[in-house]
Amino acid sequence: QLQWLQSQWANPKQAIVTIPFMKFPTLVDHYLQVFTSDVENSYIDQFYKRLIVGLINWLETNVVRQNQKYADVLRITNYSFLLGALGELRLKQVIPPSIDASLQSVRESLDVSRIQYVKWMVAYEFPILTSIHDRFSDLICSGSNLATLPNLALFASKNEIASLGISEGELTKKSIQT
């Protein structure tokens, strides 16, 4: 299975669930039916650990590193699918401890990727506002006495503020795909 996994290729520009991630829950389900004796057996658990670690490493090394621009989208898509599919499998049968432990790190990585992706989307849709926010928040975090709303003019030019599209006290409406 690990050799097959290494031979798989995925296009990092396509935000789809990759074939190895699609097949993994079914593979685990079949193995759980074969190894019915003791899921917590250390030898069998090590087998499952090698499978899921191999899957995660495949995504990180063979797909994500090809194009960092799409890294967060790929993680979100594939990790969400994996968590959902193995969550359904968990309702039917006991999941090996090594897979449970790995799913915790997958959840954490998914949370980080979601935050990074939302930050990227906001920065992409509102570059000037993001620039102003970054400069002003750096000042606030430094504890400077200049970090007051009236002093915002010191950190943002009149043209930057005007280009935000402020009319009658409201920003121009923009949509962000979620």
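Located above this text is the structure these notes cover.
Draft legend 1. Up close: the packing of helix α4 (residues 71-92) against helix α5 (residues 97-125). The contact between α4 and α5 brings their axes to 9 Å, and the two run at 145 degrees. With respect to the hand of their crossing, α4 and α5 are arranged in left-handed fashion. Between α4 and α5, the residues in contact are Asp72, Val73, Arg75, Ile76, Tyr79, Ser80, Leu82, Leu83, Leu86 and Arg90 and Ile99, Asp100, Leu103, Val106, Arg107, Ser109, Leu110, Ser113, Arg114, Gln116 and Tyr117, respectively.

Draft legend 2. Main features of the pattern of salt bridges. Evaluated as defined, the whole model comprises three salt bridges. Arg75 is paired through a salt bridge with Glu60; the nearest N and O atoms lie 2.8 Å apart. Here Glu60 lies in helix α3 (residues 42-63) and Arg75 lies in helix α4, a separation of 15 residues in the sequence. Assessed through its relative accessible area of 14%, Arg75 is described here as buried. Between Arg75 and Asp72 there is a salt bridge, with the nearest N and O atoms lying 3.5 Å from each other. Here the residue Arg75 and the residue Asp72 both occupy positions in helix α4, the gap between them amounting to three residues, near one helical turn. Residues Arg75 and Asp72 agree in their burial class; the two are buried. Here the residues in one salt-bridge network are Glu60, Asp72 and Arg75, joined through shared partners.

Draft legend 3. Examining a nonpolar patch on the surface more closely. A cluster of nonpolar side chains, namely Trp4, Ile19 and Met22, defines an oily patch on the protein surface of about 270 Å² accessible area. Positionally, Met22 belongs in helix α2 (residues 19-34). In this structure Met22 comes out as partly exposed when scored by relative accessible area, which is 44%.

Draft legend 4. Geometry of the nonpolar core. Among the nonpolar cores identified, the biggest contains 31 residues, and Phe21, Phe24, Leu82 and Ile99 are the most heavily contacted of them. Within the residue set of this core, elements represented by two or more residues are α2, α3, α4 and α5. The dominant element in this core, judged by the number of residues it contributes, is α3, at nine residues.

Draft legend 5. Highlighting the environment of Asn11. Its location among the elements puts Asn11 in the loop between α1 (2-6) and α2. Sequence-wise, Asn11 and Asn67 are 56 residues apart; in three dimensions their C-alpha atoms are separated by 9.2 Å.

Draft legend 6. Quick look at the side chain of Asp29. The residue Asp29 is located in helix α2 in this model. Excluding anything up to four places from it in sequence, Asp29 contacts Leu89, Lys92 and Gln93.

Draft legend 7. Representation of the packing of aromatic side chains. This structure, assessed with the given rule, holds five aromatic pairs. Plain terms: the ring middles of Tyr117 and Trp120 are 5.8 Å apart, the flat faces sit at 20 degrees to each other, and that makes the pair stacked. Of this pair, Tyr117 and Trp120 both sit in helix α5, separated by three residues, roughly a single helical turn. Residue class for Tyr117 comes out partly exposed when judged on its relative accessible area of 24%.

About the criteria used
- Residues numbered from 1 in each chain as written.
- Predicted model: local features only at pLDDT ≥ 70, side-chain atom pairs only at ≥ 80, totals over all residues.
- Heavy atoms only, no water.
- Axes fitted to C-alpha atoms, helices over the stretch in contact; angles between N-to-C directions.
- Helix = DSSP H or I, 4+ residues; strand = E, 2+ residues; numbered from the N terminus.
- Left-handed = near helix turned anticlockwise from the far one by under 90°.
- Contact = heavy atoms within 4.5 Å.
- Salt bridge = Lys/Arg side-chain N within 4 Å of Asp/Glu carboxyl O.
- Buried < 20%, exposed > 50% of the residue type's maximum accessible area, 1.4 Å probe, protein only.
- Patch = residues over 30% accessible without salt bridge, like charges linked within 9 Å, V, L, I, M, F, W, Y side chains within 5 Å.
- Areas by Shrake-Rupley, 256 points an atom, 1.4 Å probe, with all protein chains shown as cover.
- Core = buried A, V, L, I, M, F, W, Y, C linked by side-chain atoms within 4.5 Å.
- Phe/Tyr/Trp six-rings, centres within 6.5 Å; stacked < 30°, edge-to-face > 60°.

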